[in-house]
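# Architecture and fold: a report
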Amino acid sequence: MPSKLKLTAINLDCPDPRALAAFYQQATGLELAPGSGDDFVGLIREDGLWIGFQRVDDYQAPRWPDQRVPQQFHLDFAVDDLDEAEALVLALGAAKPEFQPGGDRWRVFTDPAGHPFCLARG
């Protein structure tokens with residue numbers, strides 16, 4: 001049987017890696033990875049999973065749910081209290097789109113660089 005793949009990193013394009021990493025660090029409590037710089041910043045989880053933020057010139061933010069500039073991917077985060085988590089991410093600079101397809105189960109937000117992400121009851 002072939003070996004299974006192990007996810008080690010998720011990398012997001014953005015115009016300002018330090019600013020976007022600061023948003024996610026404050027929201028998740030992940031640690032800043034050694035070697036982070038102006039063009040790439042990493043956050044690392046205890047089990048070694050990275051979320052990386054890499055500078056892209058002329059970055060175009062997704063326009064969710066409009067598909068003219070598609071989301072390409074999104075992150076999902078499990079939370080105990082949706083209202084509390086919503087207040088946190090909004091205070092940190094996230095936006096909440098008007099279109100919310102998740103009902104009471106999950107909520108969609110966009111980070112400061114425009115990437116969609118969801119908070120879902122854990």
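Given the structure is predicted, the values throughout are model-derived calculations rather than measurements.

## Focus: the sheet that holds strand 2 (residues 31-32)
Here four strands make up an open sheet; going across it, the order is 1-4-3-2 and the pairing mixed. Sheet topology places strand 1 (9-14) and strand 2 at the edges, where each strand pairs with a single neighbour. Along the sheet, helix 1 (residues 17-28) contacts strand 1, strand 2, strand 3 (40-44) and strand 4 (50-55); its crossing angle with strand 3, the most-contacted strand, is approximately 15°.

## Some thoughts on the packing of aromatic side chains
By the definition in use, this model includes nine aromatic pairs. Aromatic pair Tyr24 and Phe117: ring centres 6.1 Å apart, planes at 65°, arrangement edge-to-face. In this pair, Tyr24 sits in helix 1 while Phe117 sits in strand 7 (residues 116-121), placing the two residues 93 residues apart along the sequence. The class for Phe117 is buried, based on a relative accessible area of 2%. Arranged with centres 6.1 Å apart and planes meeting at 85°, the rings of Phe77 and Phe117 form a pair that is edge-to-face. Here Phe77 is found in strand 5 (residues 75-79), whereas its partner Phe117 is found in strand 7, with 40 residues between them in sequence. In this structure Phe77 comes out as partly exposed when scored by relative accessible area, which is 21%. One aromatic cluster is present, built from ring pairs that chain together Phe23, Tyr24, Phe53, Phe77, Phe109 and Phe117.

## Structural notes on helix 2 (residues 82-91)
What helix 2 keeps buried is the set Leu82, Ala85, Glu86 and Val89. Along helix 2, the residues classed as buried sweep out an arc of 105° about the axis, all on the same side. Opposite the packed face of helix 2, turned more than 90 degrees from it, sit the exposed residues Asp83, Glu84 and Ala91. The elements touched by buried residues of helix 2 are helix 1, strand 5, strand 6 (106-110) and strand 7. Where helix 2 begins, one side-chain oxygen reaches toward the backbone nitrogen of Asp83, 3.0 Å away; that side chain belongs to Asp81. Phi for Gly93, located one or two positions after helix 2, is positive at around 120°.

## Examining the pattern of salt bridges
Under the counting rule described, the total for this entry stands at seven salt bridges. The shortest N-O distance in the salt bridge between Arg55 and Asp39 comes to 2.8 Å. Taken as a pair, Arg55 in strand 4 and Asp39 in the loop between strand 2 and strand 3 lie far apart in primary sequence, 16 residues in all. Since its relative accessible area comes to 51%, Asp39 is described here as exposed. Ionic pairing is found between Glu86 and Lys96, a salt bridge with its closest N-O pair at 3.2 Å. In this pair, Glu86 is assigned in helix 2 and Lys96 in the loop between helix 2 and strand 6, connecting sequence segments ten residues apart. According to the relative accessible area criterion, Glu86 is buried, its value standing at 14%.

## A short note on helix 1
End to end, helix 1 covers 16 Å across twelve residues, agreeing with the expected 16 Å (1.5 Å per residue, within 8%). Residues of helix 1 that are buried: Pro17, Leu20, Ala21, Phe23 and Tyr24. Summarising the axial view, the buried residues of helix 1 lie within an arc of 155°, below the 170-degree limit, and thus occupy one face. Where helix 1 is buried, its residues contact strand 1, strand 3, strand 4, strand 5, helix 2 and strand 7. Directly after helix 1, the chain includes Gly29, whose backbone phi takes a positive value near 80°.

Criteria and cut-off values
Residues numbered from 1 in each chain as written. Predicted model: local features only at pLDDT ≥ 70, side-chain atom pairs only at ≥ 80, totals over all residues. Heavy atoms only, no water. Pairing = 2+ DSSP bridges. Helix = DSSP H or I, 4+ residues; strand = E, 2+ residues; numbered from the N terminus. Contact = heavy atoms within 4.5 Å. Axes fitted to C-alpha atoms, helices over the stretch in contact; angles between N-to-C directions. Phe/Tyr/Trp six-rings, centres within 6.5 Å; stacked < 30°, edge-to-face > 60°. Buried < 20%, exposed > 50% of the residue type's maximum accessible area, 1.4 Å probe, protein only. Arc of directions from axis to C-beta. Polar contact = N/O pair within 3.5 Å; in protein donor to acceptor, adjacent residues only side chain to side chain. Salt bridge = Lys/Arg side-chain N within 4 Å of Asp/Glu carboxyl O. Expected span 1.5 Å × (residues − 1).

Worth remembering: the numbers are spatial, not functional.
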